[in-house]
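Tertiary structure, described
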Amino acid sequence: MWSKEIFKQMYLSSHGDTTFSTFTSARLIKNNLEESGFVYELDKGFSNKRHMLKGKALSTNVKEVSKKKIAVIGSGIAGSTLAYKLAQRGHRIDVYEQNDELCSGVSGNGVLITYPRLSAFDSPYARFCLHSFLFASSFYDSLNSNAWYKSGVFLMNHDDSSLKRQNSLLDARPSNDLFEELSCEEASKRAGLKLNNGGIFFKKGGYLEAKALCQDLLSHKNINLILSSRVEKIEADGKNLTLVSEGEISEYEEVCLCAGYASENLLNFPGLSSKRGQISYVDSSKDFEKLNFPICASGYFSPRVKGSHVLGSSYSEVTNDIVLEDEHTSNKEKLKAIHDFKVNIVDGNVGFRAVTKDRLPLIGINKGIYVNTGHGSRGSTSSPLCAEIIADLIDGRPLPADHEVVIALDANRFN
Ligand SMILES: Cc1cc2nc3c(=O)[nH]c(=O)nc-3n(C[C@H](O)[C@H](O)[C@H](O)COP(=O)(O)OP(=O)(O)OC[C@H]3O[C@@H](n4cnc5c(N)ncnc54)[C@H](O)[C@@H]3O)c2cc1C
């Protein structure tokens, strides 16, 4: 506990205003503090201790983070949150988007519902799911954007296995601020819609109009959005990174790859694949126009946004992006667990998720390039924390996740 490594780590985790105190005033501690970048003074001790130590980190020794020129490839929810976080820290960001509109990949597909996949067990996966959800909810709150609706999200127990999962979760966390058990009656009352089952309610959950939110994020003064610019190649020469787009060559100090499933066109990712999903737009009706929050079961149904509700979603092997009647039908099947109303589907949209075998995103550095992809079916929940991790890696700061979680997310874990 009193080893030099611990003091060095404490120093790396400190800034100019960091203070400490300890009941110990042994010579070894004083030496290690001095050698690790702290100043101290002796103070009156307590109980049977004559002295204690208190002090602070030497601010003059705290490394100033240099402001860098950084390229972010992709303007979906992953790229936009990362660009924003880096821009807030003073870096200058060019965001490359291959299409002529921002957020035109899978993030622009209807609304994104933000809620966690929780587990009753303690594992890096479970910790990431919980932590990223809480982080996302407070990040979106902090933006004061009209595109974030913090309505809460209801997760219905719609079959034996979801009921079993929820019961073990309720046993593991009998009282908490994270979710609340609701009977079918109570859930229906709060939802403003007669539901078919009870479940748990995440009050910190909500839904995003992702395109509008990305627009807000990318309007930061340190961000330059470059539309209709497909990145064809990234080259690393050991020091600088060169990026080729539309025949033009540009140099950057760092490059962040946030191109969803298309990331593999620029770097090889053995564990990444794409999975088609179709949403159905449902005409609003007086039966459910007042729905107050999204209801998630094996599918999901959203409150009304711009005149229609989003009913999702298929998970299919089809590789084209044509809206299919079959997949509308399977979405309608999933709705039956939620409620019994007839719905009129007016349109649909297809997107391709970037999925990994273990359902965790790919976050870290690969061949000198920062990677932020593989957000699967939960990109609105996972992106803000992943953006923070990458921004801290770039700035050489302590990471906002424990070591096991960082290893579990490692972009090279399938190599
Ligand atoms: C049907 C369906 C429903 C979903 N529902 C939800 C939900 O309710 N909640 C939720 O959280 N998630 C949901 N998801 C998942 C969510 O959409 C994704 O996890 C998330 O949008 C991924 O964001 P991204 O930024 O990584 O990728 P994208 O949004 O695909 O962004 C990547 C961007 O990179 C650009 N790009 C690619 N290659 C290049 C290049 N070479 N040069 C320049 N630009 C490039 C693309 O044009 C695109 O704009 C759903 C997915 C589907 C398919």
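See above for the structure.
Note that the structure is a prediction, hence the values are computed from the model and not measured. (Residues numbered from 1 in each chain as written. Predicted model: local features only at pLDDT ≥ 70, side-chain atom pairs only at ≥ 80, totals over all residues. Heavy atoms only, no water.)

Now for the sheet that holds strand β19 (residues 300–301). Reading across from one edge, β9-β10-β8-β18-β19-β20-β17-β21 is the order of the eight strands in this open sheet, with mixed pairing throughout. The open sheet has two edge strands with one neighbour each: β9 (180–182) and β21 (345–356). Pairing geometry for strand β18 (residues 295–296) and β19, over two bridges, is antiparallel. Note on β19: the bridge partner recorded for Cys296 is Tyr300. In this fold helix α5 (residues 160–172) packs onto β8 (153–156), β9 and β10 (199–202), with an angle of close to 60 degrees to the strand it touches most, β10. (Pairing = 2+ DSSP bridges. Helix = DSSP H or I, 4+ residues; strand = E, 2+ residues; numbered from the N terminus. Contact = heavy atoms within 4.5 Å. Axes fitted to C-alpha atoms, helices over the stretch in contact; angles between N-to-C directions.)

This next bit is on the side chain of Arg89. Assignment of secondary structure puts Arg89 in the loop between α3 (77–88) and β5 (92–96). Taking the relative accessible area as the measure of exposure, Arg89 reaches 18% and is therefore buried. At 3.5 Å, the side chain of Arg89 and the side chain of Glu388 are in polar contact. Only 2.8 Å separates the side chain of Arg89 from the side chain of Asp392, close enough to count as a polar contact. (Buried < 20%, exposed > 50% of the residue type's maximum accessible area, 1.4 Å probe, protein only. Polar contact = N/O pair within 3.5 Å; in protein donor to acceptor, adjacent residues only side chain to side chain.)

So, on to the sheet that holds strand β14 (residues 241–245). A sheet is described by the order of its strands in space; here three strands give the open sequence β13-β14-β15, paired in antiparallel fashion. The strands lining the two open edges of the sheet, one partner per strand, are β13 (231–236) and β15 (248–252). Averaged over all pairs of adjacent strands, the angle between strand axes in this sheet comes to 20 degrees, irrespective of strand direction. As judged from the five bridges shared by β13 and β14, these two strands associate in the antiparallel manner. Each residue of the ladder has a partner; that of Val231, found in β14, is Ser245.

All right, on to the nonpolar core then. With 45 residues, the main nonpolar core has Val72, Leu86, Ile93, Tyr140, Leu213 and Cys256 as its most contacted residues. Only β4 (69–73), α3, β5, α4 (124–143), α7 (210–218), α9 (379–395) and α10 (403–409) provide two or more residues apiece to this core. Dropping the residues within four chain positions of it, Val72 is found in contact with Gly79, Ala83, Leu86, Ile93, Asp94, Val95, Tyr96, Cys256 and Cys258. Formed by 21 residues, the second largest nonpolar core is a distinct cluster that contains Ile113, Tyr115, Leu130 and Cys296. (Core = buried A, V, L, I, M, F, W, Y, C linked by side-chain atoms within 4.5 Å.)

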